[in-house]
Amino acid sequence: MVLKAFFPTCCVSVDSGLLVGRWVPEHSSAVVLAVLHFPFIPIQVKQLLAQVRQASQVGVAVLGTWCHCRQEPEESLGRFLEGLGAVFPHEPWLQLRRERGGTFWSCAVTHRQAPAAPRAPGEDQVMLIFYDQRQVLLSQLHPPTVLPDRQAGATPASTGGLAAVFDTVARSELLFRSDRFDEGPVRLSHWQSEGVEASILAELARRASGPVCLLLASLLSLVSAVGACRVFRLWPLSFLGSKLSTCEQLRHRLEHLTLIFSTRKAENSAQLMRKANTVASVLLDVALGLTLLSWLHGRSRIGHLADALVPVADVSGLGTASCRLYCLKIHGLSSLWRLFRGKKWNVLRQRVDSCSYDLDQLFIGTLLFTILLFLLPTTALYYLVFTLLRLLVVAVQGLIHLLVDLINSLPLYSLGLRLCRPYRLAAGVKFRVLQHEAGRPLRLLMQINPLPYSRVMHTYRLPSCGCHPKDSWGALCRKLFFGELIYPWRQRGDKQD
Amino acid sequence: MEDERSFSDICGGRLALQRRYYSPSCREFCLSCPRLSLRSLTAVTCTVWLAAYGLFTLCENSMILSAAIFITLLGLLGYLHFVKIDQETLLIIDSLGIQMTSSYASGKESTTFIEMGKVKDIVINEAIYMQKVIYYLCILLKDPVEPHRISQVSAKPRLDCLIEVYRSCQEILAHQKATSTSP
C-alpha cells in the first residue's frame, strides 16, 4: 500500500528536526504530531516519549527526519540524518525533505529489515496529506466511532483510517502542552508552540463552577422535595397541576435545571452538548418570558387580550351544548331507524338483532322518528357553525403547543457552534489535490467537512413533551360526524376523558 | 496529465468530461453540466409577471406586483443555490477513498468522502424511470444499512461517458485490491 504521511500545516516551514508521531500499520499511515528540533539528547527524547505514551495511551515514537534547508543537503548532514535512524529504531523510517522557498517536497522510505514477501514496484511511494492540527484536535466525528482498545498503538482494523488519525491527535494533548517559551529539555514545534491557548474567563468560570453547582444543586433538591409532598397530590391542586400548561413547563424546566447543576461531570461529548443545549434553552426561555411580560405590561395590552378572549369562552359554552344536543339526536335517530326496519341493538352481544315490536311501539316510534328527522337540519346547522369555531380555537391551541415544543427542543448551542465554529462538528473530511509535479510525491490537503444543519438538529435535539394528536384524521372525522367532543392536543400521560 | 472530451447527456445537452491523472494511484473526473439558459429564465420570468399583472387588473392591488418581483428573485436565488448543479467531480485516491463533490451555480460545494475500506465495488447500474432507461454509476458499500451510493446524480451522462469513468475507476480498484492483499 502507498504510505500516507499526515503532516500538520503548522510545521511546514519549521527548521530541520525529527518527526514525532504515531505509526498505524493497518492503514500504512504515519501521523506526524510534532517536529523535534536539534540539538537534543536522545535519552531525554526517549524519556519524554515514554511519558507521553503512558499518559495518553498512544504509541508515540520517532518516525523519521525532517530536513528544511537551503539547497541539497551536504554529505555530512545526510550521514548524520541516517545515523539518527540507528539511535531511534523505527520501521519504516521516513525522510521528508523540503527546500527553503520551494513548493515541492521529496520523500523517502527506508526499511531496515528485509521484507517478508517481495514488494511490488511503486510500493514505497509516499503520499503527503496536510491537516490543520488545531481543527482536527477540536473536532468531533459524527457518527462517533468507539475505539475500545486503549493500549498503546492497538487499534481494531475495522475502524477507518481517518477515525484513527482524529483519535491520535485528540489523545496526544500532553505533547502539545509545552511551547517555545518553556525551558524544557527538548524543543518541539506543533500548533501550540507559539504559545499555549488559554482564556482567563474560562479558567475563572471553571474554578467558580464547583461551589456554585453544589449550592444550586442543594437548593433544587429542596424545591423538588417540597413539590413532591402530599399536599399537591390531593384534589383540586393535582387537577390544576395537570391542566395548566404552566405547571407542566415548570416541571420540565426543573428537570433541566437539575441536569445543568448536577455535580457529576459529563462523561462524553454527547452529554456535554446536551448540558450546553439545556443551558441555552433555559436562557432562551427566560429571555422570551421577560420580553413577553414587558410587551404585555405596556399600554394595558392584557386588558385588550382579555376582551378578545371573552367571545371564545361564549363560543365554547354554546358549542358544547349544541354538540350534546346533536349527539343525542343522532343516537335517537339511529335507534329509531333500526326500529323502523324491525331490528334492535343488542348491548350484551354488541350487535344488531332482529326484534318483533308491538303495533303501538311501532306507531310511536315512527312518529318520533319523523319529528327528529325534520328537526335534524336545524340542529345540524347549529352544530356545524359552533364546531367550526371550536375547531379554529383548537387549531390555534395546537399551534401554540407546537411552538412551545419547538422552542423547548431546539438545540441552540449546537446550532450556534455549527454556525460559528463549523469544524467542531464534523461529518467527515474532504481532500483537495495541491499543485502536483510528475515524479514528486502526491500532496493533498485534508479539510473538515462540517455536519449539515438537518443532522445537527436530528442528533442533538432535546427530549420534549411530545404532545402529538392522538387521533388520526379518519378517527377525527368520525368523531366529528357523530358529535363526540374532541380534545386532540392532550398531553401524554393524561387520563382519558 | 489532463484531457477533456465532450459527451452528451440523456436530454441531448452538451457535457464536458475533464480527466486528470495526477499519479497512477490518484485520478479525478470532472463533469460540467450545461449552464442555465437565458431563454428558459426569460420565459419563466415573463410567465410569472404576466400572471401577476393579470391578477393586478382583477384586484387593483399593487402589492401583487411587488410580491411577484419578490417571489421571482427569491425563486431564482433558491434555484441557483439549492438545485442548479454546475459541476460534479469524482476524485478517486488509491488506499484513501472516493470523494464526490457537487458544486452549485451559486458557488456552494457539497462533498462526500467514502473511505476505501468501506467500498466494495463500483458498477454501472440501469434504472427504469417512467418511460426512460437511465444508466448511472453506483458505488457499492460494505455497510449493511445503506448498501449503495449514487454518483453523478444531476448530470445524467450517456453510457459512453460512464464507461470511460468506470474503466479508470476499475483500474485503480484492481490495483488497490492487489496491493492490499499482499502484506
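Described in the following lines is the structure provided in the data block. Just so we're clear, the structure is a prediction, and the values are computed from it rather than from any experiment.

So, about the overall build of chain B. What chain B contains, in helices and strands, is three helices and nine strands. For chain B, the sequential pattern of α-helices and β-strands runs β-β-β-α-α-β-β-β-β-β-β-α. Against the globule reference of 16 Å for 183 residues, chain B gives a C-alpha radius of gyration of 21 Å, more extended than a compact globule. Once the C-alpha set of chain B is aligned to its principal axes, its extents read approximately 80 × 35 × 35 Å. Looking at chain B as a whole, 37% of its 183 residues qualify as buried. Counting only contacts in chain B whose residues sit at least 6 apart along the sequence, the fraction spanning at least 24 positions is 44%. Carbon and sulfur atoms form 61% of the exposed surface of chain B, whose accessible area is close to 10700 Å².

Right, let's talk about the sheet that holds strand S8 (residues 132-141) of chain B for a bit. Paired through their backbone hydrogen bonds, the strands of a sheet run either parallel or antiparallel. Residue and element names in this part refer to chain B. Pairing is antiparallel across the open sheet formed by three strands, whose spatial order is S7-S8-S9. Where the open sheet ends on each side, the last strands, each with one partner, are strand S7 (119-129) and strand S9 (148-151). Strand-to-strand, the axes of this sheet are offset by a mean angle of 35°, without reference to chain direction. Pairing geometry for S7 and S8, over ten bridges, is antiparallel. Counted as the bridge partner of valine 119 is leucine 141 from S8.

Turning to the interface of chain A and chain B, a few remarks are in order. The interface is formed by 19 residues belonging to chain A together with 17 residues belonging to chain B. Both sides together, the interface formed by chain A and chain B hides about 1500 Å², and carbon and sulfur atoms give 63% of it. A per-residue breakdown of the area chain A buries against chain B is headed by Met1, Phe431 and Val433 of chain A, which together make up 29% of the total. Our count for the contact surface shared by chain A and chain B stands at zero salt bridges.

Residues and elements named next belong to chain B. Strand order across the open sheet formed by six strands is S1-S2-S3-S4-S5-S6, with antiparallel pairing between neighbours. Of all the strands in the sheet, just strand S1 (2-8) and strand S6 (109-115) have a single pairing partner and so form its edges. The mean angle between the axes of side-by-side strands here comes to 15°, regardless of whether they run parallel or antiparallel. Relative to strand S3 (residues 26-32), strand S2 (residues 14-23) is paired through seven bridges, and the arrangement is antiparallel. The residue bridging tyrosine 21 from the neighbouring strand is arginine 27, located in S3.

Okay, the pattern of salt bridges next. All names here are of chain B. Per the counting criterion, the structure on display carries 13 salt bridges over all chains. A salt bridge links arginine 20 to glutamate 2, with the shortest nitrogen-to-oxygen separation between them at 3.3 Å. Placement of arginine 20 in strand S2 and of glutamate 2 in strand S1 is noted, with a sequence separation of 18 residues between them. In this structure arginine 20 comes out as buried when scored by relative accessible area, which is 19%. The class of glutamate 2 is exposed, set by a relative accessible area of 52%. Of the charged contacts in the structure, one is a salt bridge between arginine 19 and aspartate 3, with a shortest N-O distance of 2.9 Å.

Another aspect to go through is the packing of helix H5 (residues 200-227) of chain A against helix H7 (residues 245-260) of chain A. In a packed pair of helices, the relevant descriptors are the angle between the two axes and the axis-to-axis distance. Residues and elements named next belong to chain A. Direction vectors running N to C along H5 and H7 enclose 150°, while the axes themselves pass 10 Å from each other. The angle between H5 and H7 places the two elements in the roughly antiparallel class. When you trace H5 past H7, the crossing you get is left-handed. For the pair H5 and H7, contact is made by Leu220, Val223 and Ser224 and by Leu254, Leu257 and Thr258, respectively. Of the residues that constitute the contact of H5 with H7, the class distribution is four nonpolar, two polar and no charged.

Calculation rules
- For every chain, the first residue of the written sequence is number 1, and numbering continues from 1 along that sequence.
- In the order they appear in the text, chains get letters beginning with A and ligands get numbers beginning with 1.
- With the structure being a predicted model, the display of local features is reserved for residues of pLDDT at least 70 and the display and counting of side-chain atom pairs for 80 or more, all residues being used for whole-chain, interface and lining totals.
- Only hydrogens and water are set aside when side-chain values are computed; all heavy atoms of the structure are taken into account.
- Elements are defined by DSSP. Helices are runs of H or I of four residues or more, strands are runs of E of two residues or more, and each kind is numbered from the N terminus.
- Atoms counted for the radius of gyration: C-alpha only. Globule rule: 2.2 Å times the number of residues to the power 0.38.
- Summary of the burial criterion: residues with accessible area below 20% of their type's maximum are buried, those above 50% are exposed, and those between are partly exposed, where the area comes from a 1.4 Å probe applied to protein chains only.
- In this description, contact between two residues means that some pair of their heavy atoms is separated by no more than 4.5 Å.
- Only the protein chains shown count as covering a residue, and every accessible area follows the Shrake-Rupley method with a 1.4 Å probe.
- Criterion used throughout: strands pair if DSSP finds at least two bridges between them.
- Helix axes are fitted only over the stretch in contact, all axes being lines through C-alpha atoms; the angle between N-to-C directions runs from 0 to 180 degrees.
- As a working definition, buried area equals the accessible area (1.4 Å probe) given up by two parts on being put together, with both sides summed.
- We define a salt bridge as a side-chain nitrogen of Lys or Arg found within 4 Å of a carboxyl oxygen belonging to Asp or Glu.
- For this classification, under 35 degrees means roughly parallel, over 145 means roughly antiparallel, 65 to 115 means roughly perpendicular, and everything else is oblique.
- Left-handed describes a crossing in which the near helix is turned anticlockwise from the far one by less than a right angle; the clockwise case is right-handed.
- Three classes are used: nonpolar for Ala, Val, Leu, Ile, Met, Phe, Trp, Tyr, Cys and Pro, charged for Asp, Glu, Lys and Arg, and polar for all others, with Gly counted as polar.

Shape is all these values report; function is a separate question.
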